[in-house]
Structures are given as structure tokens and as C-alpha cells.
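Each chain, letter by letter, is given below.
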Amino acid sequence: MGGGSEINSGLYHRTPPDILETWRKDFKVAGIQDEELRPHFEACEKDVSVSLLPGAAPAASLKLHNGALKLGWKSLEIPRWFRYESGPNGESRGSRQSMTRTFVPRFLHAGGKLVPNSRALSIRQEGGRWLVKAKHASGKDFEISAETLFVCAGAVQTPALLRRGGITQNVGDHLRLHPTIKLVAQFPEAVNAADLGVPVHQVKEFSPRLSFGCSISSPPYLALGLLDHPAAARAVTQTWTRQANYYAMITGEGHGTVRPLPGFRDPLVRYRLTTADMRDLADGLRKLAEIMFASGAEKVFPGVTGAPVLNNADELRQLPEVVPPGKASLITIHLFSSCPMGEDRSKCAVDSFGRVHGVKNLYIADASLLCTAPGVNPQGSVMAFARRNALHFLNQN
Ligand SMILES: Cc1cc2nc3c(=O)[nH]c(=O)nc-3n(C[C@H](O)[C@H](O)[C@H](O)COP(=O)(O)OP(=O)(O)OC[C@H]3O[C@@H](n4cnc5c(N)ncnc54)[C@H](O)[C@@H]3O)c2cc1C
């Protein structure tokens, strides 16, 4: 029910102004001037307690920050949706302000009803009402009937659900994401601990083309990050306290599609990276490794099959100029744009406020409607647009 908010890092950004400008110009999205969106960002920031760390950042996060500053590159602490309280010994304890801690209780308090452990299988309109066919985890099938339907199943499942219901106009045709490449850096001293906490710094010198950050670095995640370096992966139980996972994320220009397949529960997702994307990923990897050496790393393990372990900044030239197809262990945790919003009906699935074009009483309220990759962590944008669109709906009805 709470989706990504239940497990994510909670790093918060507003949608950058230049991205909003692109959405306004290229997709004809109305009502996204700064003064129109600001109240929604501010309200969400208050509701989920967006705040900076009360104390020092984790050592691995500071390694990234200090390395970037040494190179003269812009790096900053990103606030998170966390509420901090003092523990018995004066230590600060934070809890993530996920949806189940914030908006879901409000929804229930206002009289909303949750049907947990259930999956929407299909939607259809009948006699002026929406019918959602669903299955409970126990195997029981049931239907929900509603006058108006908001679909919020995320950038992959929302277009799949719509397409299964025969709604296909600009739906699932333009999936965007933030392709991400990783490396593991090893330092002479300890930078990692069982209670490391979430790294909070991001390097924004080359944003929106490239962003750098530090990610979860417990031994299993380090071993995953070292899959391209099997000997180092095997040694991780001895070395992990001196190691951390770092990533270079690109905005990219590639895109993909989401298509349901008959007989399969999940849809087929295709995504094509362009040569420029593979060049940006290589550039990001090189710059990230440069930061690590500037911060005192003794070894860098790039997440590229066949790439050598790097021992100093001079060896950076051994990295490829363009990541070879099929050789990089790419990941993504940010997906959007599969049902873009806007008044340009030639490319948009929903209008500027989330209503599906040409379909009565059907709305989308999730990352699907972001027109392009925002170049920053997206949940701040998802929340602000959901709030704005819900209030717009209420004012109109
Ligand atoms: C590991 C990780 C770390 C991240 N860190 C950050 C971060 O620090 N900052 C940030 O801004 N973003 C972060 N993100 C991204 C962020 O979590 C997502 O962009 C955001 O949650 C997207 O919101 P959404 O509402 O579109 O989809 P989701 O959050 O995915 O919500 C969709 C919900 O719909 C449910 N659902 C799907 N299909 C069906 C169906 N057929 N029937 C019923 N329910 C269904 C799903 O179970 C889910 O609960 C992270 C993501 C991951 C995975």
C-alpha cells in the first residue's frame, strides 16, 4: 500500500524548475508555475517531516562529500522524510515517515477503507461505473465498484492495468528511468558499520546529466556490488567495514515500453539505452572514481564486467569511454513517464491534473504521470502532484 515509501532512503527533492519548464513547453502541462506548485511542496514537506540530519552524516557519505569538495565540485546534504527523537542516552533516533506512518492513517481517519493483501487484476467501465476485478492473497476473487477511479500502481503496473482495460492512447509507450551504474570503494580506514545509517550526500556538479551518491552498504549489498570482481566479493566478510557502495545516476535519453502479456501476471518492460547514455554512464563512473581517490580510497571496484580494479587516479584511463553493451551491472530504482501528463494529446495519456484523456472518471496519481526523468529522486514530485491533483478534483466535484 505504501509502495516505495516503505523501503526507500527518503531523500527529498522538489521538481527542479528547468524540468518543470520542459514539461510546460514540450507537454503543455498547465498550472505548474512556481507559485502554483510551491504550496503543495511545502504542505508535503510538513506532512512527512522533511529535515536534515540532526548530527554528523555517516562516514561513507562524508567520503563522497569531501572528495567532491576537494575537486571543487558541488556536493550537498539532501534532506529526508524522517522524524528525529532523542534516545535514552541522548542519541538521536530517526524513523522514516513512510505512507503507513503519515497519509494512510489520515486516509483511514477520514473514513477511507483499505482492502489489504489484494491485487487489482483488471478495470472496466459498466453502466457509468468503474469495476475493478481483484484477487485477495487467499485466492478469493472480488470486485470493487466506484463512480471515479484513481489508479496509483506505479510506473509499470499502472499502464499495464490501463492497457488490460483497453485504454492504450499514449499509455505505456514512453517509460523513462534513471539508469545507474555502481562501484565499490575501499579505504584504508573504517567507513562502514552495522548501524551506518542512510548516506545523505549527493554530488550535483554535473546535474541533471549526472548525479552521484552513496547507497546501502551492508555486506550482502557490497557482495552484490562486487559481482564483477569475484575474489573481492568472496573476501567481503573481512573487508566490508572499509568499503562502501557508490552510484552514478544519469538522466539519460533512452526510453521504453510497458506491455501486458496474455497469461502472465506482470507486464513485459522494454528499455533501450542510447550510445549517448552509455557514454554518460562511463563518464559518470570515471568521475565518481575520481571523487573516491580524491577522498583517499585505496581501491575502486567498478561495476563493469572485465574492468580492472583501480589502485589510483592515474589508472582511471583504463576505464572505457563508452560502457560496452551487456558489460555493465546497471540498476534503476526510479521509474516514471509511462502515462505522461499534459494538454498535448499527441503525446500525453492524462491531462495536466491526472485525468485520463477521453475517458470518464479515470485518474492516475503516481510516478507514471511525470513527463520526463526529473534528474532527482522523484518521490517529492510524486507526492506534490498527487496532492495538487486530488485538491483540483475535489474543487471541481
Ligand atoms: C530502494 C529504493 C530506494 C529509493 N530511494 C528514494 C529516495 O531516497 N527518494 C525518492 O524520492 N525516491 C526514492 N525511490 C523511488 C520512489 O520510492 C518511487 O519513485 C516512488 O515510490 C514511486 O511512487 P509511485 O506511487 O509511483 O509507485 P509505488 O511507490 O511503487 O507504489 C505503487 C503501489 O501500488 C501497488 N500495486 C501495484 N500494482 C498493483 C495492483 N495491480 N493491485 C494493487 N496494488 C498494486 C504496489 O504494491 C505499490 O504499493 C527509491 C526506490 C527504491 C526501490
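Everything numeric here is computed off the predicted structure, so don't read it as measured data.

Caption draft 1: Up close: a nonpolar patch on the surface. There is a patch of nonpolar side chains on the surface, built from Met1, Phe107, Leu108 and Leu114 and spanning about 400 Å² of accessible area. Within the element layout of this structure, Leu114 appears in the loop between helix H4 (103-109) and strand E5 (118-126).

Caption draft 2: Broad picture of helix H5 (residues 154-164). Along H5, the residues that are buried comprise Ala155, Thr158, Pro159, Ala160, Leu161, Leu162 and Arg163. Lining the buried residues of H5 we find E5, strand E8 (149-151), strand E14 (255-259), strand E17 (335-336) and strand E18 (362-364).

Caption draft 3: Molecular detail of the side chain of Arg176. Its location among the elements puts Arg176 in strand E9 (residues 176-177). Buried charge Arg176 goes without a salt bridge, the closest partner of opposite sign being Asp277 at 6.8 Å. Within the structure, Arg176 has its side chain in polar contact with the backbone oxygen of Gly252 (distance 2.7 Å). Ignoring anything within four residues of it in the chain, the contact list for Arg176 reads Thr251, Gly252, Glu253, Gly254, His255, Tyr271, His334, Leu335, Phe336, Ser337, Thr372 and Ala373.

Caption draft 4: Fine view of the site of the ligand. Among the 23 residues in the neighbourhood of the ligand, the closest are listed as Gly4, Asn8, Ala120, Ala367 and Gln379. The backbone of Gly3 places a nitrogen or oxygen atom 3.2 Å from an oxygen atom of the ligand. Between the ligand and Asn377, the relevant distance is 3.5 Å, taken from a nitrogen atom to a side-chain nitrogen or oxygen of the residue. Starting from 1000 Å² of accessible surface for the ligand in isolation, the protein chains cover 74%. Looking at the shell around the ligand, the elements with two or more residues in it are E5 and H5.

Caption draft 5: Structural context of the pairing of strand E4 (residues 92-96). Taken together, the five bridges between strand E3 (residues 80-86) and E4 define a ladder with antiparallel strand orientation. From the neighbouring strand, Tyr84 faces E4, where its bridge partner is Gly94. Counting the residues that bridge the hairpin from E3 to E4 gives five residues, and of these Gly90 lies at a positive phi of roughly 80°.

Caption draft 6: Structural view of the pairing of strand E7 (residues 141-146). The sheet contact formed by strand E6 (residues 129-136) and E7 spans six bridges and is antiparallel. Along E7, the bridge assignment pairs Lys133 with Glu143.

Caption draft 7: Region of the structure containing the pattern of salt bridges. Using the criterion set out here, one finds 18 salt bridges in the structure. Residues Arg124 and Glu126 are paired through a salt bridge, measuring 2.9 Å at the closest nitrogen-oxygen approach. Glu126 gets classed as partly exposed once you look at its relative accessible area, which sits at 45%. Of the charged contacts, one joins Arg209 and Asp280 as a salt bridge, the two residues approaching to 2.7 Å between their closest N and O atoms.

Caption draft 8: Structural context of helix H9 (residues 275-294). The terminal C-alpha atoms of H9 lie 29 Å apart, and with 20 residues this matches the ideal 28 Å at 1.5 Å per residue to within 8%. Summarising burial for H9: 15 of the 20 residues are buried, a large majority. Phi turns positive, to about 100°, at Gly296, one or two residues after H9.

Caption draft 9: Spatial organisation of the sheet that holds strand E12 (residues 210-215). Read from one edge to the other, the open sheet built from six strands follows the order E2-E11-E12-E13-E10-E16, with strand pairing classed as antiparallel. Every other strand in the sheet has two partners, leaving strand E2 (75-77) and strand E16 (299-302) as the edge strands with one partner each. If you compare each strand with its neighbour and ignore which way they point, the axes differ by 25° on average. Pairing geometry for strand E10 (residues 180-186) and strand E13 (residues 243-250), over seven bridges, is antiparallel. Paired with Thr180 across the strands is Met249, a residue of E13. On the sheet, H9 packs against E10, strand E11 (201-203), E12, E13 and E16 and is oriented at approximately 145° with respect to E13.

Caption draft 10: Up close: the sheet that holds strand E1 (residues 50-51). Strand order in the open sheet formed by three strands is E1-E3-E4, with antiparallel pairing between adjacent strands. Across the chains shown, the open sheet's two edge strands, defined by having one partner strand only, are E1 and E4. Here E1 runs beside E3; their pairing, made up of two bridges, is antiparallel. Opposite Val50, over in E3, you have Trp81 as the bridge partner.

Caption draft 11: The arrangement of the packing of aromatic side chains in detail. Scanning all chains against the criterion turns up eight aromatic pairs. Note on Phe150 and Phe393: the rings are 5.2 Å apart at their centroids and 90° apart in plane angle, and the pair reads as edge-to-face. Placement of the pair is Phe150 in strand E8 and Phe393 in helix H10 (residues 379-396), with a sequence separation of 243 residues. Note on Phe150: relative accessible area 32%, which makes it partly exposed. You can call Phe393 buried: its relative accessible area is 15%. Measuring from centroid to centroid gives 5.1 Å for Tyr363 and Phe393, while their planes differ by 75°, and the two rings are edge-to-face.

Caption draft 12: Here's a closer look at the side chain of His178. By secondary structure assignment, the location of His178 is in the loop between E9 and E10. Of the residues examined, His178 reaches a relative accessible area of 0% and is grouped as buried. Polar side-chain contacts of His178 include one of 2.9 Å to the side chain of His334. Setting aside chain neighbours within four positions, we find His178 in contact with Met249, Ile250, Thr251, Ile331, Thr332, His334, Phe336, Ala373, Pro374, Gly375 and Val376.

What counts, and at which threshold
Residues numbered from 1 in each chain as written. Predicted model: local features only at pLDDT ≥ 70, side-chain atom pairs only at ≥ 80, totals over all residues. Heavy atoms only, no water. Patch = residues over 30% accessible without salt bridge, like charges linked within 9 Å, V, L, I, M, F, W, Y side chains within 5 Å. Areas by Shrake-Rupley, 256 points an atom, 1.4 Å probe, with all protein chains shown as cover. Salt bridge = Lys/Arg side-chain N within 4 Å of Asp/Glu carboxyl O. Helix = DSSP H or I, 4+ residues; strand = E, 2+ residues; numbered from the N terminus. Buried < 20%, exposed > 50% of the residue type's maximum accessible area, 1.4 Å probe, protein only. Contact = heavy atoms within 4.5 Å. Lys, Arg positive; Asp, Glu negative; His and termini not counted. Polar contact = N/O pair within 3.5 Å; in protein donor to acceptor, adjacent residues only side chain to side chain. Near = heavy atom within 4 Å. Pairing = 2+ DSSP bridges. Expected span 1.5 Å × (residues − 1). Axes fitted to C-alpha atoms, helices over the stretch in contact; angles between N-to-C directions. Phe/Tyr/Trp six-rings, centres within 6.5 Å; stacked < 30°, edge-to-face > 60°.

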